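# Coordinate inspection notes
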Amino acid sequence: MKPDDQMRITIDDSNGIPIWLQLRNRLIYLITSGHFQVGEKLPTMREMAVDLGINYNTVSKVYQDIERDGYIVSKRGRGTFVSDAYLQNQDAAAGEAESLTDAYIQQCRELGVPREDIAALVQRRLRLIQ
């Protein structure tokens, strides 16, 4: 991994989110936000596992998962590269995020949280996550 890539990908063992999901979400974010450019070669699974101090099988699972979703493509003997095939599914990802947001709002409302407090609650939690 390039030195600046190490700073972009971090794993937090204490936050309760599975390691594979943290890595998956972070890689997708780095790809969709342009930090990793289309065609850019990603570190090997072994390099990433060593650099992050996580199991090789975890990285392999993430690479397989995001390749299936079109974010990367593996080329035998050459490596793994950022792909733009995910752009065809971008509306689906946005819809998934909106569905998750809707479910969260609905659960808050069921708990009796006033509408105006929901946004403040999210903002407060976001400040804690930084």
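That block above? That's the structure.
Summary of the structure given here. (Residues numbered from 1 in each chain as written. Predicted model: local features only at pLDDT ≥ 70, side-chain atom pairs only at ≥ 80, totals over all residues. Heavy atoms only, no water.)

Bridge analysis of strand 1 (residues 72–75) against strand 2 (residues 79–82) gives four bridges, and the strand direction is antiparallel. Within the sheet, the bridge partner assigned to Lys75 lies in strand 2 and is Gly79. Here strand 1 folds back onto strand 2 in antiparallel fashion, the turn holding three residues, of which Gly77 has a positive phi close to 80°. (Pairing = 2+ DSSP bridges. Helix = DSSP H or I, 4+ residues; strand = E, 2+ residues; numbered from the N terminus.)

Tallied over the entire structure, the rule returns one aromatic pair. Aromatic pair Tyr71 and Tyr86: ring centres 4.8 Å apart, planes at 15°, arrangement stacked. In this pair, Tyr71 is assigned in the loop between helix 4 (56–68) and strand 1 and Tyr86 in the loop between strand 2 and helix 5 (90–110), connecting sequence segments 15 residues apart. Here Tyr71 matches Tyr86 in class, with each residue buried. Across from the ring centre of Tyr56, 4.6 Å away, lies the NZ or CZ of Arg46, which sits over that ring. (Phe/Tyr/Trp six-rings, centres within 6.5 Å; stacked < 30°, edge-to-face > 60°. Buried < 20%, exposed > 50% of the residue type's maximum accessible area, 1.4 Å probe, protein only. Lys NZ or Arg CZ within 6 Å of the ring centre and 35° of its normal.)

Looking now at the packing of helix 3 (residues 45–52) against helix 4. Two elements in contact, helix 3 and helix 4, have axes whose closest approach is 8 Å; the angle formed by their N-to-C orientations is 125°. With respect to helix 4, the axis of helix 3 lies oblique. In this structure, helix 3 crosses over helix 4, and the sense of that crossing is right-handed. Here helix 3 contributes Met45, Arg46, Met48 and Ala49 to the contact with helix 4, which in turn contributes Tyr56, Val59, Ser60 and Tyr63. A class-by-class count of the residues in the contact of helix 3 with helix 4 yields six nonpolar, one polar and one charged. (Axes fitted to C-alpha atoms, helices over the stretch in contact; angles between N-to-C directions. Parallel < 35°, antiparallel > 145°, perpendicular 65-115°, else oblique. Left-handed = near helix turned anticlockwise from the far one by under 90°. Contact = heavy atoms within 4.5 Å. Nonpolar A, V, L, I, M, F, W, Y, C, P; charged D, E, K, R; others polar.)

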